[in-house]
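Listed below, chain by chain, are the residues.
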Amino acid sequence: MENRKILLIEDNPEMRENTAEILELANYHVVTAKNGKEGLQLATQNKPDLIICDIMMPELDGYGVLHMLGKDERTSTIPFVFLTAKAEKQDYRKGMTMGADDYLTKPYDDIELLNVVEMRLKKSERLKKQFDRSPEGFDQFIEEARSFDLITKLTEDKKVKLLRKKDTIYTEGSSPSSVFFLRKGKVKSYKSNDNGKEYITDLYGEGDFFGYLDLLQGESYRDTAISLEPSEVAIIPKEDFFNLLQGNREVSSKFIKMLSNEIKEREERLLQLAYNSVRKRVSQALIMLVKHYQDDESKPFSMSITREDIASLVGTATETVIRTLSDFKDERLIDIKGSLITILNYDKLVKMRN
């Protein structure tokens, strides 16, 4: 494994040289900058594994550097350690509030410096891992996040709710107080129009977080969530969720990516509803089920689902969905036995012409 790269931003030549020497003796690759402006450029060019930055500097101080790094997705998740000659508590709080990961007060010795660097690199590496979308993966992710000592209550307060089929998790118009993690089962969220007709806004399977979009926006739930089958849902209190999200930039970036993916998927579905034929939309609804709920890719995908739910996914009448599914069965794309639908030709469904 190649040496980890550290960007050191320090305007004092002697301090910069001494700190770089200590790090290089510990086999780190060190890139140095003499002010904040130069440091920003080097951070983008070199993509370091860790940034150590002085606070009081000409041209751009450490707070300005951290702020600018946080606005750029290429640098926003790089672990950031402040160096300062001040030990005042308000400076410490300001840095941590802005998203700094740690603090070193000058003068510091070799061991202090290396311990902080090693600890931050290890924690950063653990959070960069891809965790399984499973109950075990969720617990592993939470345990890793807990190691930052920022969300110690998260697992302690976590409650698991056992749901029967068609149990309601939250309702449209109610006020969000929790974030949900689906440990087992299947969940749908939907909106109803004035006539009571449903439109499914999303599907969730094991390993999915849900209910956090409205919580982040500070709005009432825009849809209703119910279980499609017996399920287990972990409930994370709002306060602990925000501690998780705000306490560390690397943890928050995971949720930001999840959030952006969810918004992107919803936008794509709205475009499909507007421009695609019914056959294309029904095929895409079946593909969506496979992507959300396929457990074993070596076996044909089967799922029990009502025609009403498929109609809610497609945005059309139930009778139209029944006719289209019957056509798909005749074309040997699917098999139907009661409410159980089995995908026989996934590739043809994917390539369905509009």
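Model, not experiment: these values are computed from the prediction.

Focus: the overall build of the chain
Turning to step 1, where the next piece is worked out: Scanning the chain for helices and strands turns up 14 helices and 16 strands.
Turning to step 2, where the next piece is worked out: Counting across all 354 residues of the chain, residues that qualify as buried make up 49%.
Turning to step 3, where the next piece is worked out: In the chain, 68% of the contacts between residues at least 6 apart in sequence involve partners at least 24 apart.
Turning to step 4, where the next piece is worked out: Accessible surface, the chain as shown: approximately 18700 Å² in total, 48% of it carbon and sulfur.

Topic: the sheet that holds strand 16 (residues 340-343)
Turning to step 1, where the next piece is worked out: On the basis of which strands lie adjacent, the open sheet formed by three strands has the order 14-16-15 and antiparallel pairing. Because the sheet does not close on itself, it has two edges, and the strands there are strand 14 (302-304) and strand 15 (334-337). Across the sheet, the mean angle from the axis of one strand to that of its neighbour is 20°, orientation sign disregarded.
Turning to step 2, where the next piece is worked out: Where strand 15 lies against strand 16, four bridges are found, and the strand directions are antiparallel. Along strand 16, the bridge assignment pairs Ile 336 with Ile 341.

Observations concerning the packing of helix 2 (residues 36-46) against helix 3 (residues 62-71)
Turning to step 1, where the next piece is worked out: Interaxial distance between helix 2 and helix 3 falls to 9 Å at its minimum, and their mutual angle equals 25°. The pairing of helix 2 with helix 3 is recorded here as roughly parallel in orientation. For helix 2 against helix 3, the interelement crossing comes out right-handed. Contacts between helix 2 and helix 3 involve Gly 36, Leu 40 and Ala 43 from the first element and Val 65, Met 68 and Leu 69 from the second.
Turning to step 2, where the next piece is worked out: When grouped by side-chain class, the residues that make up the contact of helix 2 with helix 3 number five nonpolar, one polar and no charged.

Observations regarding the UniProt feature "modified residue: 4-aspartylphosphate" (unreviewed entry) in the chain
Turning to step 1, where the next piece is worked out: According to UniProt, the positions carrying the feature "modified residue: 4-aspartylphosphate" (unreviewed entry) are Asp 54.
Turning to step 2, where the next piece is worked out: When you line up the elements, Asp 54 lands in strand 3 (residues 50-54).
Turning to step 3, where the next piece is worked out: Accessibility expressed as a relative area gives 5% for Asp 54, which makes it buried.
Turning to step 4, where the next piece is worked out: Those residues in contact with Asp 54 that lie beyond four places of it in its chain are Ile 9, Glu 10, Asp 11, Gly 62, Leu 83, Thr 84 and Lys 106.

A look at the environment of Phe 301
Turning to step 1, where the next piece is worked out: In this fold, Phe 301 is placed in the loop between helix 11 (278-293) and strand 14.
Turning to step 2, where the next piece is worked out: For Phe 301, a relative accessible area of 7% corresponds to the buried category.
Turning to step 3, where the next piece is worked out: Expressed as a C-alpha distance, the spacing of Phe 301 and Leu 289, which sit twelve residues apart in the sequence, is 9.0 Å.
Turning to step 4, where the next piece is worked out: Setting aside residues up to four positions removed in sequence, Phe 301 forms contacts with Leu 289, Val 290, Tyr 293, Gln 294, Ile 341, Thr 342 and Ile 343.

Rules used throughout
- Residues numbered from 1 in each chain as written.
- Predicted model: local features only at pLDDT ≥ 70, side-chain atom pairs only at ≥ 80, totals over all residues.
- Heavy atoms only, no water.
- Helix = DSSP H or I, 4+ residues; strand = E, 2+ residues; numbered from the N terminus.
- Buried < 20%, exposed > 50% of the residue type's maximum accessible area, 1.4 Å probe, protein only.
- Contact = heavy atoms within 4.5 Å.
- Areas by Shrake-Rupley, 256 points an atom, 1.4 Å probe, with all protein chains shown as cover.
- Pairing = 2+ DSSP bridges.
- Axes fitted to C-alpha atoms, helices over the stretch in contact; angles between N-to-C directions.
- Parallel < 35°, antiparallel > 145°, perpendicular 65-115°, else oblique.
- Left-handed = near helix turned anticlockwise from the far one by under 90°.
- Nonpolar A, V, L, I, M, F, W, Y, C, P; charged D, E, K, R; others polar.
- UniProt positions renumbered as here; feature names shortened; annotations may be inferred.

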